[in-house]
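In case you want the letters, here they are:
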Amino acid sequence: MREFQYSRATSVADAVASGATFIAGGTNLLDLMKHEIAVPGRVVDISRLDLDRIEPEGEGLRIGALVRNSDLAADHRVRQSYPVLSRALLAGASGQLRNMATTGGNLLQRTRCPYFYDTAMPCNKREPGAGCSAIGGVNRMNAVLGVSDQCIAAHPSDMAVAMMALDAVVEVEGASGTRRIPITEFYRLPGDTPHMETALDRGDLITAVLLPAPKGGEHRYRKVRDRASYAFALVSVAAVVRMEGGVIADAALAFGGLAPMPWRVSAAEDALQGQPPSPALFDRAADLVLSGAQPQEDNAFKLPMARRVLAATLADACRMEDPQ
Amino acid sequence: MTRHRKIDHPDNDNRLDSMAQGVLGKPVDRLEGPLKVSGLATYASEARPSGMAHGVLVRATITKGRVVGIDRQAALALPGVMTVITDPRMVRYPAQGMAGKGPKAGPDVVDYHGQPIALVVAEGFEQARHAAKALRITYEEEPAPTDPDTVTPEVPDAKQKAQGDLDAAIRDAAFSVDCTYTTPTLMAVAMEPHAAIAEWDGDRVTVRAALQMLASDRKQLADALGVGPEQVRLLAPYVGGGFGSKLGIAPEAVAAAIAAKELGVPVSVALTRMQEFDITHRRSESRQRVLLAAGADGVLTGIGHEALVSNLPDSPFSEPVTQATPFTYQAAHRRIAHRIARVHRSCAGSVRAPGEAIGVTVFEAALDELAEAAGIDPVELRLRNIPDREPGTGRPYSVNRLGDCLREGAHRFGWNQRRAPKERLEGEWFIGMGMAAAVRVNMLIESRARVTLTEDGAKVETDMTDIGTGTYTILRQIAAEMLGLPVDLVEVHLGDTDFPPAAGSGGSFGAASSGTSVYLACEDIRARIAERMGCTDAELRLQDGRASFRNDTRELRELLAGEVLVAEGHVEPGDAEKQARQATWGAHFAEVAVSRHTGEVRVRRMLGVFACGRILNEKTARSQCLGGMTFGIGMALTEGVEHDPRTGHIVNRDLAGYHLPSHADVPEQDVVFLPDRDGFAGPMQAKGIGELGICGAGGAVLNAIYNACGVRVRDLPATPDKVMP
Ligand SMILES: Cc1cc2nc3c(=O)[nH]c(=O)nc-3n(C[C@H](O)[C@H](O)[C@H](O)COP(=O)(O)OP(=O)(O)OC[C@H]3O[C@@H](n4cnc5c(N)ncnc54)[C@H](O)[C@@H]3O)c2cc1C
Ligand code: SF4
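Source: prediction; values computed, not measured.

A. A look at the domain arrangement of chain B. Residues and elements named next belong to chain B. Under the domain assignment used here, chain B contains domain 1 (2-41 + 444-578), domain 2 (44-144 + 188-282) and domain 3 (355-442 + 582-723). Opposite the 11 residues of domain 2 that make contact, domain 3 presents 12 residues. In total, about 1100 Å² of surface goes out of reach between domain 2 and domain 3, with carbon and sulfur atoms giving 67% of it. Where domain 2 packs against domain 3, one counts one salt bridge. Arg653 is the partner of Asp278 in a salt bridge, and the nearest nitrogen-oxygen pair spans 2.9 Å. Applying the counting criterion to the domain 2 and domain 3 interface returns two residue pairs in polar contact (both at pLDDT 80 or more).

Here is the structure:
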């Protein structure tokens with residue numbers, strides 16, 4: 001770890017003006033600093049700012065950026081009206097981590113690609129132009145969709161997957177004032193610039209995540225991982241499905257573990273709309289989600305797995321008999 | 001006075017059964033438990049001698065070659081940095097357990113990616129860690145193989161065994177199986193990472209270290225440093241788990257001692273979790289082919305077990321995968337093959353139950369395949385193949401309780417409820433049951449201990465370690481039982497090479513070996529008390545601080561009259577271990593649920609039935625088995641190292657990437673010990689326990705997966721992608 005200056009922000013304006021690296025729960029940033037993947041000269045602690053409330057806003061909810069993952073998961077409004085979010089949070093990390101991790105920090109956590117954390121190995125995300133060790137290396141956990149020949153890292157968050165399915169909006173305070181960025185536009189794909197991951201500029205502070213009015217319907221979050229708890233997703237799916245008169249009135253689907261960002265494919269959702277649920281229909285939706293996938297040797301299993309997880313989750317959300 | 005015994009004959013006197021105190025075997029709480037949960041038990045890196053500096057090992061980033069230059073200037077200019085050391089005595093990897101000398105030295109030659117090549121010392125740990133990253137190192141690289149499947153393996157003659165004609169047996173068999181399983185590199189991942197703090201006083205060095213076997217570690221460290229063993233003192237009063245990774249000295253202890261000498265201050269070198277993965281011993285990956293031939297009645301006619309493992313060139317250790325195969329089941333035609341691929345991955349060494357952990361697991365999975373092929377119940381198949389005498393040698397077994405364990409386990413587990421694959425479905429979950437035998441060789445190792453009896457109680461001293469297993473507690477119970485004292489009146493002091501040298505913790509021989517040395521010392525003290533009572537030891541009754549013979553009862557205090565009785569116990573293995581095949585026995589049963597959508601596996605319950613001699617403490621013994629069974633879940637479902645295909649280094653080098661079972665993976669586990677006495681194990685009739693629990697446990701889980709959903713996973717671990725039915 002390099003030496004750095006530490007100070008505590010006294011206000012949002014103060015934090016934004018600092019232009020420094022923010023620390024919230026620190027559960028990701030501290031690891032990055034120990035390995036010298038992040039080497040901030042100045043760290044501003046935002047954890048005591050007044051951004052830790054969950055409040056109604058319009059017909060929806062406003063979640064302060066510093067609300068802890070465990071508090072958000074336990075909030076009765078979230079559990080009642082946005083249960084997919086609560087379930088996604090509880091499927092992530094461990095109890096200890098969730099007690100520290102914040103809403104803003106969770107959105108911005110870096111990939112878990114092991115080569116990103118190993119400074120002895122080339123990584124374009126860490127050092128643009130150096131090369132990508134995951135391609136031709138161990139890549140079981142890496143992404144199959146939205147990748148480039150520069151980087152195949154997967155986004156590790158569970159929370160963000162649920163927020164993607166809920167059409168959340170990220171509120172950001174920056175040098176030019178307040179912006180509201182739909183989560184669908186918040187993340188960037190690696191392309192030729194895998195080190196640039198979001199729509200944020202230097203000094204931008206996430207102040208809140210806004211959830212629109214509840215969508216109703218059935219909420220499911222299903223995460224497949226290598227052990228029963230405390231592991232990142234191989235594949236996860238967040239599904240919010242509303243049925244009307246035996247057909248799917250609308251469905252929102254987002255996937256984790258598959259792509260450099262929580263992955264949503266509107267064509268797949270459109271294909272479901274107005275249709276009676278059936279295994280064939282789910283298969284068609286999976287085709288649309290997975291088209292254009294570029295799997296590697298170790299992670300090709302994610303394609304059949306995503307297909308199965310999607311079918312099982314939709315069947316469950318549509319309250320079908322377990323398909324044979 | 002020293003009481004010495006070489007175990008040349010079985011001792012079936014069962015002397016301990018007639019002792020009066022009644023504390024041995026009882027589930028006595030761990031003596032040091034309160035210290036551990038309150039943070040008062042100081043582990044190796046927790047001492048803070050004044051002026052202590054911190055060293056951080058620097059890792060090689062090539063797979064093989066030579067360090068041709070280290071530019072120290074940038075690092076030395078950083079705040080707090082004291083020195084950069086590349087002493088030729090620094091070692092490249094850990095010593096194998098019980099080795100008589102230090103491991104290979106010379107950090108300028110690189111044998112594997114991740115090897116330590118220098119030590120940076122600074123006033124603070126973070127300063128040293130940063131400076132270690134700032135070093136500029138130039139190498140001369142050589143190409144080197146890292147994949148065991150790409151090299152022509154070594155075939156050591158002494159490790160190939162054949163009897164009869166296995167190929168003919170397979171040809172003529174009513175049923176046969178020829179299957180190949182692969183197991184990945186596994187790591188010990190003890191909770192406490194390796195650490196050492198070295199401090200010199202003149203030409204004597206004291207090292208606080210995380211080690212399992214101080215007596216041999218001391219010799220190794222002295223050899224590595226080029227000093228005499230008497231100049232080295234090792235302290236390891238508390239060790240946070242070892243699982244084999246701390247059997248021999250490792251690079252941190254040597255580096256700390258060298259740096260402390262150079263700088264004249266105490267130096268601490270503590271490995272990070274990632275360095276644990278880089279540097280400490282791994283359990284070799286294996287490729288195992290099992291061939292089985294059986295008649296229509298399921299009686300085996302042929303057994304073949306061929307293993308391919310790997311290690312660095314020249315390393316003397318190779319995972320003894322087939323160790324239990326020759327003596328577990330009978331068959332006239334047999335073949336054991338052992339091949340070693342010489343590759344440049346990190347050094348392989350002993351990790352919990354080397355050999356049987358993966359060998360029995362795979363063999364028992366293959367037997368399940370035979371049971372399926374022959375349509376014979378898996379428990380029954382095993383019962384039909386238990387030999388009367390050790391195959392090949394014709395020696396008797398000291399005891400063989402495999403059949404008892406299998407029957408007792410099947411009964412308790414409700415094995416008769418087992419159905420054919422895919423027949424039990426609960427929601428989306430297929431439910432299945434599996435079983436496997438547990439077998440592990442049993443060893444006794446030379447060990448000494450000193451026992452002192454005073455008016456106030458007794459004291460045990462030995463350089464034995466307690467690596468979280470309960471050694472403090474069982475030695476206390478043995479002394480209390482033999483001397484007739486309440487446990488509170490017995491102190492135990494361990495983990496200091498100033499005490500008599502013990503077997504150390506390894507190979508499951510620690511409790512029985514060091515316990516017997518305590519037993520012998522106490523026997524000597526008993527003889528002296530008996531003399532004062534005018535009777536023989538056999539006639540003497542010691543209980544609650546009182547000695548009695550017939551109706552004469554006297555206080556020990558009175559008998560000692562201020563005198564202090566000191567005795568040393570010294571046990572050595574002898575001819576008894578040649579006269580009979582000694583092993584510990586057990587049976588594992590597991591019930592799993594497998595999602596028919598995702599292939600996720602959840603173990604629902606597990607039972608282990610074990611026969612491993614006299615149980616010294618029911619609670620600590622049970623904990624050992626629970627830990628072993630949990631490792632079995634890990635081996636079957638979650639654990640495995642991924643080596644980079646280009647460099648050979650371990651890619652998933654933290655606990656988020658190397659998946660030990662989490663609590664949610666570990667179900668209700670039941671452990672049953674069959675009452676057992678084995679005189680060949682010595683006067684206590686006690687045997688190893690720690691490793692037995694892991695041997696075969698994973699096999700029961702794999703077999704249960706097959707029974708649930710009909711999928712045979714032969715490439716461990718059985719992660720969801722490999723199971724998806
Ligand atoms: C072993 C392990 C397992 C895990 N498993 C999972 C899992 O299964 N699923 C999952 O979803 N997550 C998992 N996590 C990740 C965990 O959820 C994140 O580390 C956590 O959410 C990050 O939040 P934080 O507040 O601690 O962020 P910090 O570490 O404080 O910050 C992370 C980043 O966000 C920036 N930042 C923080 N807050 C703001 C803000 N308000 N505005 C602008 N920038 C900000 C920081 O500068 C930093 O760059 C795991 C983590 C670990 C260590
Ligand atoms: S996948 Fe991305 S993060 Fe991983 S090594 Fe390649 S460039 Fe780095």
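B. Local environment of the site of ligand 2. Among the 14 residues in the neighbourhood of ligand 2, the closest are listed as A:Cys113, A:Cys123, A:Cys132, A:Cys151 and A:Ile152. Its residues assigned to classes, the shell around ligand 2 comprises nine nonpolar, four polar and one charged.

C. Main features of the sheet that holds strand E9 (residues 218-224) of chain A. Residue and element names in this part refer to chain A. If you trace the three strands from one edge of the open sheet to the other, you get E9-E10-E11, paired in antiparallel fashion. Each edge of the open sheet is held by one strand with a lone partner, namely E9 and strand E11 (247-256). Across the sheet, the mean angle from the axis of one strand to that of its neighbour is 15 degrees, orientation sign disregarded. Relative to strand E10 (residues 235-244), E9 runs antiparallel, the two being bridged by seven bridges. Pairing of Glu218 across the sheet is with Val241, part of E10. Set on the sheet, helix H11 (residues 302-317) makes contact with E9, E10 and E11; between it and E10 the angle comes to about 30 degrees.

D. A look at the pattern of salt bridges. The tally for this structure, following the rule as stated, stands at 88 salt bridges over all chains. One salt bridge in this structure joins A:Arg62 and A:Glu171, with 2.7 Å as the shortest N-O distance. Highlighted residues: A:Arg62 in strand E5 (residues 60-64) and A:Glu171 in strand E6 (residues 169-174), separated in sequence by 109 residues. Under the relative-accessibility criterion, A:Arg62 is labelled buried at 18%. Overall, A:Glu171 belongs to the buried group, its relative accessible area being 7%. Two residues, B:Arg233 and B:Asp496, come together in a salt bridge whose shortest N-O distance is 2.6 Å. Of the two residues, B:Arg233 is situated in strand E13 (residues 232-235) and B:Asp496 in the loop between strand E23 (490-493) and helix H13 (510-533); the sequence distance between them amounts to 263 residues. Using a relative accessible area of 9% as the deciding quantity, one classes B:Asp496 as buried.

E. Looking closely at the interface of chain B and chain A. Listed as interface residues are 41 residues of chain B and, on the opposing side, 37 residues of chain A. Between chain B and chain A, a total of about 3300 Å² is buried, with carbon and sulfur atoms accounting for 53% of that surface. Across the chain B-chain A interface, the total number found is five salt bridges. With a closest N to O distance of 3.4 Å, A:Arg222 and B:Glu600 form a salt bridge. Inspection of the region where chain B meets chain A yields 17 residue pairs in polar contact (both at pLDDT 80 or more). Of all the elements in the fold, those that place two or more residues in the side of chain B that touches chain A are helix H3 (125-134), helix H16 (618-638) and helix H18 (720-723) of chain B. Here the side of chain B that touches chain A gets four residues from one element, more than from any other, and that element is H3(B). By residue class, the composition of the side of chain B that touches chain A is 13 nonpolar, 14 polar and 14 charged.

The rules behind the values
- Residues numbered from 1 in each chain as written.
- Chains lettered and ligands numbered in written order.
- Predicted model: local features only at pLDDT ≥ 70, side-chain atom pairs only at ≥ 80, totals over all residues.
- Heavy atoms only, no water.
- Domains from an automatic or database assignment.
- Contact = heavy atoms within 4.5 Å.
- Buried area = accessible area lost by both parts, 1.4 Å probe.
- Salt bridge = Lys/Arg side-chain N within 4 Å of Asp/Glu carboxyl O.
- Polar contact = N/O pair within 3.5 Å; in protein donor to acceptor, adjacent residues only side chain to side chain.
- Near = heavy atom within 4 Å.
- Nonpolar A, V, L, I, M, F, W, Y, C, P; charged D, E, K, R; others polar.
- Pairing = 2+ DSSP bridges.
- Helix = DSSP H or I, 4+ residues; strand = E, 2+ residues; numbered from the N terminus.
- Axes fitted to C-alpha atoms, helices over the stretch in contact; angles between N-to-C directions.
- Buried < 20%, exposed > 50% of the residue type's maximum accessible area, 1.4 Å probe, protein only.

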